[in-house]
Amino acid sequence: MKNRYLARRPMRRLGTFTTIAACIVVSLSGCDSKRILTVTDPDVAKPPALDNVAALPALRGGAVGQFGTAFNGPGSDEAQVQLSGSLGDELINTETFPTRIEYDRRAQTIGNTSLVGTFLDLNRARALAQRAIAGFQKFAVTRTDSTGFPEVLALGGLTYVLFAENYCGAVPVSVANDDGTFTFGAPLNVNQELDSAISKFDQALAVPGAPLTATFKQLAQVGKGRALLDKGDYANAALAVSGVSTTFQYNYIHSQTTTAQNNVTWSLTNSVGRFGVAALKGGNGLPYQTNGDTKNANFDPRVANTVRSNNSGHGFDNGVPGGELQYIQQKYPLRISPITIADGVEARLIEAEAALQTDPSGASTLTILNGLRSNAALLTLRGYAAGSLPPLTLQATSAAQIDQLFKERAYWLYLTSHRLGDMRRLIRQYQRGAETVFPTGPYFKGGTYGTDVNSPVPQREQNNPNYTPGSCKQNEA
Amino acid sequence: MTHLVRKTLALSATVGAMLAWIASSASAQDGGTVSGRVIDATTSAPVISAQVQIVGTGRGGTTADDGRFRIANVRPGTYQVRVLRIGYQASTQPVTLGPGQAITLEYLLAPAVVTLDEVVTLATGATTRKREQGMVVGTLAPEPAALATAGNVAQLLTGRVPGVDVAASGGTVGSSSRVRIRGASSLSLSNDPLLIVDGIRVDNNSASTTIGVGGQQPSRFNDINPEDIEKIDILKGPAAAALFGTAAANGVIQITTKRGRAGTTRFTLFGESGSIRNVTPFPRNFAWVGKTTAGNRTTNCNLDNQTRGLCTANPDSLVSFSPLAQYSPFIDGRRAAYGASAVGGNDRVSYYVGGNYDRQQGVVDANTDQRAGGRVNLTAQLTDKWNISLGSNYLADHLRLPQDDNNTLGIVSAGMLGSAFDDSVPGKPCLSSSGVLLVCAHGYLNGQTPQVLEGVWFTRQDIQRFQNAINSNYQPLSWLKATGAVGLDYLGRWDNEIIPPASVFFGSLPDGQRTSNPYSIYTYTAQGNLSATWAPTSTITTTTTAGTQFNKALVRGTQAFGAGLLGGTSSLAGTTVRFAVSEVSTDNKTLGYFGSEEVGWRDRVFINAALRNDKNSAFGQDFGSITYPSFGASWVVSEESFFPKTNILSSLRLRAADGKSGRQPNFRDAITFFNASTVTIGATDVPGIAIGGTGNIALRPERSQEVELGFDMGLVGQRVNFEFTHYNKKTDDLLIAVPLAPSLGSSNTQFQNLGSVRNTGNEISLDANVLDTRPLAFNFLVSASSNNNTLLSLGFLPGTQTKVPPIIVNTQQKQVVGVPLGSYWQRPYTFADANGDGIIARSEIKLGDTAVYLGNILPKREYSVSPTMTFFNLLKVSALVDHKGGFKLFDNSRRFHCSFGSCQEAFDKSMPLADQAADIAIALGTDAGYIENAAFTKLRELSFTLIASDRIAHSFGVQNLDFTIAGRNLKTWTDYKGFDPETNAVAGANFSTQEFLTLPPSRTWTARINVTF
């Protein structure tokens, strides 16, 4: 009975159902689904929010902050200072992570995940500097608007310098566009990177008027001199840094305001014990370790260090494998210790190296070096006791003079991401063999030292269609 | 939160009172009454909680404890009245009801394990019989013995439903399990199933915390109180879950909580008490004292250093020590739970009210979980056309997690990475090198025992969770029904941590620090649909449904951190440096429309088809909407006249289903953005931008299509139910976080729709009533499944013909085309003791050039057997034996123990050469020796339940009385060399899988008493 009842009226029921359903659908479709699906996102800034003059201070802040991150670390990850120090001879690994052991051993694989972050951070520093530069160029009209413009240009230049000094000569420069598309670049060799850097420094020095403060001008000068020195253009390098005050310093200010602003050299050495101060690393390294013993012939306040006071003197690796002690650097004794990016000392050292070219006797160079060691204002600025750096003596041979100069550079510029570039220059510009400059022989955590003299472009760069795998030569200075 | 709870409680109470009033006033309306009794055909005992349905009307009820039911105010007409109960054959009787007439029916239900007429819940909220759907639905109804062994819902599901893999992460109370249904199919998005409770979506985050303790993370899945669960339906994939649309590609777990039923109010009380114990021995730390080539003393004169000539071992100086054994941080954990519930009502209004308190003390001091909650479910037949049900659940949970896993200050890590020497000498104080009196570290790493750390370092999560659901059915016409559901799952979560100053001596921790991260997480559901049923002919029935659904998941959180804690304070107010504060705001909305058509012929052939169209706020701006179709067919072929009627094969159903479902991108995956950072310029902190994300405006959802074929057989006179299902699921448009070239200077990854994954497998379920006599009843369940997971493609890099290279998960795992997701890869090695000295030297290991596939992380096969024996209806003994195979686990505990120079094989030449080689191979650059076969068989559960006879129960003045003793994790058979093959230091992660100094699973014994009166 029920089924017959139902069967008599299927079309009527279908019509009723369709009508009701249609009404519902029509009423719902009357809803603006776009509005319903709109969500708010108050936590982040989208690109259009940065496309105005009011955003220039934040763009500058981003460029400065990211440079600091790339240079001396965000919170707990290694950066250029530790990479340069560990791949060079300043630091030694005192922990267990295989990725960091790889570069301490000069045997890096391109799949090394630690290296990706370090390389990416430096690229981000370049990209944010470039975004800030573009912002200044587009919106800065008044003098106030232009505050910091030469600074971001100079920091942008320094990112290229760091690529040239610490990485193989095949670093691409690519751009992520705001619409999510990409413009991929081809690898640049060391000279191309340095030319890009010099171009940025020249742009900084060309910024008219007050925004080019004495500090920013000297920063750009030292940066340009450093790039020219890396190119082997000693005379122009010296010319570039002419007039830079010996006590000039451009520091990155570390802070406790946020964890990301901490001095990561302090964090990775003093705090968590991942790196220690090296001594005669791999036979060729400099004798940095002294444990604060002023009677030690190798003692030097510029590279002061002491054995860790806790954990039985061991680092994170607990003394494995041979019970090695961890020597803690004292250059940055606090998490807020500032780090110098460029200073007048480097300017004088550039002049000293240029002098070695013009005065092969070495006397002019020695005068400059001893001038630094006896500069009371500088010693006070650095916190060294008067007389703590006795004058050097003239070395008899050119090779010894070069050694002396580079040791002075190593000590004055200790843990500022200069050493790896200098060691490469010894090979590239002074015809030293890599096996006489870099650590060699048995590696204390197993195996032997590798042959790397720079850090590779990570494997992930192969996702850049313009990058040529194999173009990066890790044993080329 | 308190305000919100108060308001919601007030609203719920008001609505509840209104419902009760409307229902009572409506009872005076004209209509007939259908009542009756349902009894067991073999025992003549009343059948409790059977579902009684007036077919085609949405009216119905459940039987009370005496097996009686009553459905009042039924519109006059002719109906089929169907009675369904798990464990019995369905029974249907026709009735013709006149105005005001009362009809009494009696049903004799024959016991059967065949489940063709079992009721399952669909995405529309409607219920249907299994026979009417083309897909298989896994169903689970927890019994008291299962509740005694399972501390949470994840444990309840473990090993019980084919195709559902529940992998525990270890022995930390309150930590999550990894739940995968038919394998993993997304590389970058969550593979967790969608969780629905009473028709409402609820948060199912398996890594629900903002403070890391090394690895273990709480899961919201375990917030569901097992005591409240009536039934769990598992829709295993898109073939079954297409109507759930975007977010259902991982399958859907639908939980139906207990409902009221007409009859005298019944109260149930339970109490539980038990022990939780660590039963895993930990390896000792080794050292060998010797001299280096420079003449210095070393304690690390291991076999490797000896063979390399780097040291000379002192004779008889091989030492070993175990801080974890000698100065054990482990305690006997405890478990206690108490609860009460009441069920009752009349034919108009019924209710379920339950509440419970549960406290667990893990095997270390710093691990406790304390929860209290309550649920109220109210169902009201407001008129003969309209019923409504209201459900509210409240949970307060206080969890304390210990430091462990990948954590240098963890409990297991501090012991295993500690010293081979005890630093204490009886009678002598422990002094520092400078003579300061110290608390002895007893060989623990970092100079402090776990007991000291546990006493000062508190990491907690406090939860206030409030779930509300309102479901309504309105039937204005006999053939037309409107259903609606609205609900809110509110989660107030407060992650907080305190480390007092000068208490933990590592890194910056001596400064003291405080973290306080309060979150409010809202999950909204609103759904409405219209359903029309008619019968074009006497043999054909059709149901047409159209509806819409809106879902919103909103997260509002604040994260605050400060260090330099002032002594005597324990809040952010006492912090002085390194402040960090931020907000986390995410919002996701889905708007979907759906329609379905179901055609039935002679109640034995069913065809259904459905479409769902979704828009989602996380889709790229260039993408519009997506449509998910599904089809299903079911044929109960054994009810055809041509089918031979035999007792051996008593029923047979063939079924097939095909459906699509999806997964939306994460919040912000489609947009490019920058974060804020703090920079000090000069002496001033200023804001700066930081790289955020690189969006993709063309982003669309992942699409999974699944085909499912199978059959259900009733055997031996319906005493055996056998189900077989084959599935083939292919997921396309995978949302892959493509690693970007670092030279872009942008985010690490950008999401692209690339590549595809396939999951295929078979599932078997067998439920057999072997013997059913009073002296002895024997039943067993077998659940078996296989899963073959293959990454078919990773696609091409955007704008290129270059294939996306393998995606790195971590040092040991990556996503590689042609093998399962998240698989292990390492350089292989071979070894041989060439000089026969019993020591494997570096020179005796040959290392392969490139990494090779070493195995997958999810089991390829699982089976479980669950026998139950009942003696004289007085003693029930049941067990669950569970096997998982075809997978590997990275034993990073052993690997790290060795790389820290403490494992026995590094020093002791009596250790197997393979173990020595694995250790030496670490130094050569491979962890291959620690990626181990993790296949295992476990005696997972064993329970004994004493059931009081009616006479004894009544002598105590109660209706039912039973007492259960249940054990869990009782025995494991495995070749795995680590602590336990069921450990994972990153359980909340999509793929990262390793045992890494993880607290292994504990053994629990619980006694439970249930009383009903």
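Throughout what follows, the structure given in this document is the object of discussion. (Residues numbered from 1 in each chain as written. Chains lettered and ligands numbered in written order. Predicted model: local features only at pLDDT ≥ 70, side-chain atom pairs only at ≥ 80, totals over all residues.)

Thoughts on the overall build of chain B
And then number 1: Across its full length, chain B holds 11 helices and 57 strands.
And then number 2: Here the C-alpha radius of gyration of chain B, 31 Å, is about what a compact globule of 1013 residues would show, namely 31 Å.
And then number 3: Across the 1013 residues that make up chain B, the buried fraction comes to 56%. (Helix = DSSP H or I, 4+ residues; strand = E, 2+ residues; numbered from the N terminus. Rg over C-alpha atoms; globule rule 2.2 N^0.38 Å. Buried ≥ 20, exposed ≤ 12 C-beta atoms within 10 Å, placed from the backbone.)

Considerations on the pairing of strand β29 (residues 513-534) of chain B
All names here are of chain B.
And then number 1: With 20 bridges connecting them, strand β28 (residues 480-499) and β29 associate as antiparallel partners. If you follow L491 over to β29, its bridge partner there is I521.
And then number 2: Relative to strand β30 (residues 540-563), β29 is paired through 20 bridges, and the arrangement is antiparallel. Across the sheet, the residue bridging to T515 is F561, located in β30. (Pairing = 2+ DSSP bridges.)

Notes on helix α12 (residues 264-271) of chain A
All names here are of chain A.
And then number 1: Across the 8 residues of α12, 7 count as buried, placing the element largely inside the fold.
And then number 2: When α12 is considered as a whole, its buried residues turn out to be V264, T265, W266, S267, L268, T269 and N270.
And then number 3: Buried-residue contacts for α12 involve α4 (56-72), α5 (80-87), β7 (275-277) and β9 (327-329).
And then number 4: Just beyond α12, the residue with positive phi is G273, at close to 70°. (Contact = placed C-beta atoms within 7 Å.)

Section: helix α13 (residues 344-358) of chain A
And then number 1: End to end, α13(A) covers 21 Å across 15 residues, agreeing with the expected 21 Å (1.5 Å per residue, within 8%).
And then number 2: With 13 of 15 residues buried, α13(A) is to be regarded as a mostly interior element. (Expected span 1.5 Å × (residues − 1).)

Considerations on the nonpolar core
And then number 1: Ranked by internal contacts, the top residues of the largest apolar core, which has 117 residues, are A:A63, A:A129, A:V152, A:A154 and A:A237.
And then number 2: With 12 residues, the top contributor of residues to this core is helix α7 (residues 113-139) of chain A.
And then number 3: Apart from residues no more than four positions distant in its own chain, A:A63 is found in contact with A:L128, A:A129, A:A132, A:V152 and A:L155.
And then number 4: One finds B:V83, B:L84, B:A242 and B:A262 within the second-largest nonpolar core, a separate group that totals 92 residues. (Core = buried A, V, L, I, M, F, W, Y, C linked by C-beta atoms within 7 Å.)

Digging into the sheet that holds strand β2 (residues 51-54) of chain B
Residue and element names in this part refer to chain B.
And then number 1: Strand order in the open sheet made by the 4 strands is β3-β2-β5-β6, with antiparallel pairing throughout. Edge positions in the open sheet fall to β3 (59-62) and β6 (91-97), since each of these has one partner strand only. Between one strand axis and the next, the sheet turns by 20° as a mean value, whatever way the strands run.
And then number 2: Alignment of β2 against strand β5 (residues 77-84), held across 4 bridges, turns out to be antiparallel. Looking across to β5, one finds that Q53 is bridged to R82. (Axes fitted to C-alpha atoms, helices over the stretch in contact; angles between N-to-C directions.)

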